[in-house]
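Report on the structure
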Amino acid sequence: MESNPRVWITVLRHSHERLLGLVGPLAPEQISGPSYCRDWTIAQVLSHVGSGAEIAMMMLPSALGQPDAEPPGREAFQPVWDRWNAMTPDNQAAAGLMADAQYVSALDQLSDEDLASISYPFIGMTLDAVGLIRLRLGEHALHTWDVAVMFDPAAVVSPDAVDLLIDNVPQFLAPRLGKPSDPPFRARIRTTDPARDYLLTSAEAVTMDDWPGEDAIDADGPPVAEVTMPAEALLRLSYGRLDAAHTPATVVGKPEDLDKLRAIFPGF
């Protein structure tokens, strides 16, 4: 995984610029119209992006180890969400893009020493600068797709974001977002652009590891399905965004196996 936080900040800025370019030409009725996110309008997606940027800014002093700065608790987040939820759709869109730009600019202005000092506790982990920005980029790139796909059914997640985020699927997303299967299910998932080769196992828990080779596969376990897809499609699958209508023809696998994968990753 890319270890230079400057690379991650650059790609996050590209994602912001893409979102700005998508939303800028929209009419008010389009901003108030549906996004790909279930039950969310485009304005509500932008509200989520904006409130997330505001909360990320609240986290930054603690992450940087500034004196007397403590990680904000969840009780600090609810007033932020309430304020954003109370905005009109047009204000959600405008303020969301502005807050998003301000957060990217704040990251841009950090020195190398600042970036090296970042340490933030998060659900049992300690995130460095790359880890912190990775969480934001994953959310941002997928929500940008949530907007783009409403106007282009063939839209994809930005390739530069896919290149950075694909290795986050087995390491972070699969074990946290994947739903156990009954009966157990296994699949070899090979990707292109970039190339990866994984073994996904869904039983009492979901794991995703590098393909170990045929000789290392437990013959007593369930059969191993074979699936090939672009890395972009695997990233969207892990976030619950690979429904049949938005599955490209380059995804190759038995329909029943793809349905099982969709059930393992229903989104959130």
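Below: a short report on this structure. (Residues numbered from 1 in each chain as written. Predicted model: local features only at pLDDT ≥ 70, side-chain atom pairs only at ≥ 80, totals over all residues. Heavy atoms only, no water.)

1. Some points on the overall build of the chain
Going by this rule: Helix and strand labels come from DSSP, where a helix needs a run of H or I of at least four residues and a strand needs a run of E of at least two; each type is numbered from the N terminus. We call two residues in contact whenever any of their non-hydrogen atoms come within 4.5 Å of each other. The protein chains shown are the only cover counted for residues, whose accessible areas, like all others here, come from Shrake-Rupley with a 1.4 Å probe.
Counting its secondary structure elements, the chain contains eleven helices and six strands. For the chain, the C-alpha atoms occupy an extent of roughly 55 × 45 × 30 Å along the three principal directions. Within the chain, contacts between residues separated by at least 24 positions form 70% of all contacts whose residues are at least 6 apart in sequence. Accessible surface computed for the chain: about 12,800 Å², of which carbon and sulfur atoms make up 55%.

2. A few points about the packing of helix H3 (residues 42-63) against helix H7 (residues 129-148)
Definition in use: Only the contacting stretch of a helix is used when fitting its axis, a line to C-alpha atoms as for every element, and angles between N-to-C directions run 0 to 180 degrees. Between 65 and 115 degrees an angle is taken as roughly perpendicular, under 35 as roughly parallel, over 145 as roughly antiparallel, and anywhere else as oblique.
Where H3 meets H7, the closest approach of the two axes is 10 Å, and the angle between their N-to-C directions is 170°. With respect to H7, the element H3 is oriented roughly antiparallel. For the pair H3 and H7, the contacting residues are Ile42, Val45, His48, Val49, Gly52, Ala53, Leu60 and Ala63 in the first and Leu132, Arg136, Glu139, His140, His143 and Val147 in the second.

3. Concerning the nonpolar core
Selection rule: Among buried residues, those of type Ala, Val, Leu, Ile, Met, Phe, Trp, Tyr and Cys that are joined through side-chain atoms within 4.5 Å constitute a nonpolar core. Between buried and exposed lies partly exposed: a residue is buried under 20% and exposed over 50% of the maximum accessible area for its type, with that area taken using a 1.4 Å probe on protein chains only.
Ranked by size, the top nonpolar core spans 67 residues in total, and within it Leu137, Met229, Leu234 and Leu235 carry the most contacts. At nine residues, the largest contribution of residues to this core is made by H7. Residues contacting Met229, with those up to four places away along its chain left out, are Ile189, Arg190, Thr191, Thr192, Leu234, Leu237, Leu242, Thr250 and Val251. Grouped together as the second largest cluster of nonpolar side chains are 13 residues, Ile31, Cys37, Val45 and Leu97 included.

4. Some points on helix H4 (residues 74-85)
Stated formally: To estimate the expected span of a helix, subtract one from its residue number and multiply by 1.5 Å.
With twelve residues, H4 ought to run about 16 Å at 1.5 Å a step, and its terminal C-alpha atoms sit 17 Å apart, in line with that. Tucked into the core, H4 has its buried residues touching H3 and helix H5 (89-108).

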